[in-house]
Amino acid sequence: GTGFVREGRFVTIGFFLKMAGCGMVVAGASGYGFWMAGRYGERLAALEQLRQMIFLLKGQILYANAPLPEAFETVGQRTEGVWSKLFLKTAERMEKQQGEPFCQIWKEEVEGLLGADFLKKADRQSLAGLGEHLGFLDREMQERNLLLYLEQLDLTIGELRGHKQERCRLYLALGVMGGLFLAVLLL
């Protein structure tokens, strides 16, 4: 075979390929651990931003007496990213499709939310549920509904913050250790 002599031993290119492969496995698994930790942080940041937007929405509905399409548009224009698109598209659809109930528009927009793959199913369901009670109730009931959703969001955010450090360490450690384990199996 192809190889060279090193300190009296014959080392083949196959050995170097195995070592390179093991290095790639460890790097790939470690990268996956870093990616998972990043997604955890991304979800937390996104839910915190959503919380701010719901507070803005509450202010628009209760204190500015804005109708829903205007309130959603105002809130959507004050921020950027996934949530901004959600609020702006919802406002646009409410203006165009006057006869369609708000809850239906909101649910469809939440389900079709692009770029928010970091959200869990429970996050989406909770957010879709918010729309069921907005639009056709009096302002006091809308406020109660928004406050209830904000309470649920605060609990989720608090839980994520409380576990962030340990979860991120876990993802990183499992990525590196999983990669090392697979590398050992390949040798």
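If you're wondering where the values come from, they're calculated on a predicted model, not measured in any experiment. (Residues numbered from 1 in each chain as written. Predicted model: local features only at pLDDT ≥ 70, side-chain atom pairs only at ≥ 80, totals over all residues. Heavy atoms only, no water.)

This part covers the overall build of the protein. From N to C terminus, the protein includes six helices and two strands. Its helices and strands taken in sequence order, the protein reads β-β-α-α-α-α-α-α from the N to the C terminus. Its C-alpha atoms give the protein a radius of gyration of 25 Å, clearly above 16 Å, the size a compact globule of 187 residues would have. Along the first, second and third principal axes, the C-alpha atoms of the protein reach 85 × 35 × 25 Å. Restricting to contacts in the protein with at least 6 residues of sequence separation, those with at least 24 account for 61%. Entry remark: accessible area of the protein is about 11,500 Å², with carbon and sulfur atoms responsible for 58%. Side chains of the protein carry 22 positive and 22 negative charges; the gap between the two charge centres is 10 Å. (Helix = DSSP H or I, 4+ residues; strand = E, 2+ residues; numbered from the N terminus. Rg over C-alpha atoms; globule rule 2.2 N^0.38 Å. Contact = heavy atoms within 4.5 Å. Areas by Shrake-Rupley, 256 points an atom, 1.4 Å probe, with all protein chains shown as cover. Lys, Arg positive; Asp, Glu negative; His and termini not counted. Charge placed at Lys NZ, Arg CZ, Asp CG, Glu CD.)

Two descriptors summarise a pair of aromatic rings, namely the distance from one centre to the other and the angle between the planes of the rings. Scanning the entire structure with this criterion turns up eight aromatic pairs. An aromatic cluster is defined as three or more aromatic residues linked by ring pairs; in this entry it consists of Phe72, Phe87, Phe102 and Trp106. (Phe/Tyr/Trp six-rings, centres within 6.5 Å; stacked < 30°, edge-to-face > 60°.)

Moving on, we get to helix α3 (residues 82-96). A rise of 1.5 Å per residue sets the reference length of α3, with its 15 residues, at 21 Å; its end C-alpha atoms lie 21 Å apart and thus fit the reference within 8%. Those residues of α3 lying buried are Val82, Trp83, Ser84, Leu86, Phe87, Thr90, Ala91, Arg93 and Met94. Residues of α3 that are buried sit in contact with α1 (13-62), α2 (68-77), α4 (102-111) and α5 (121-130). (Expected span 1.5 Å × (residues − 1). Buried < 20%, exposed > 50% of the residue type's maximum accessible area, 1.4 Å probe, protein only.)

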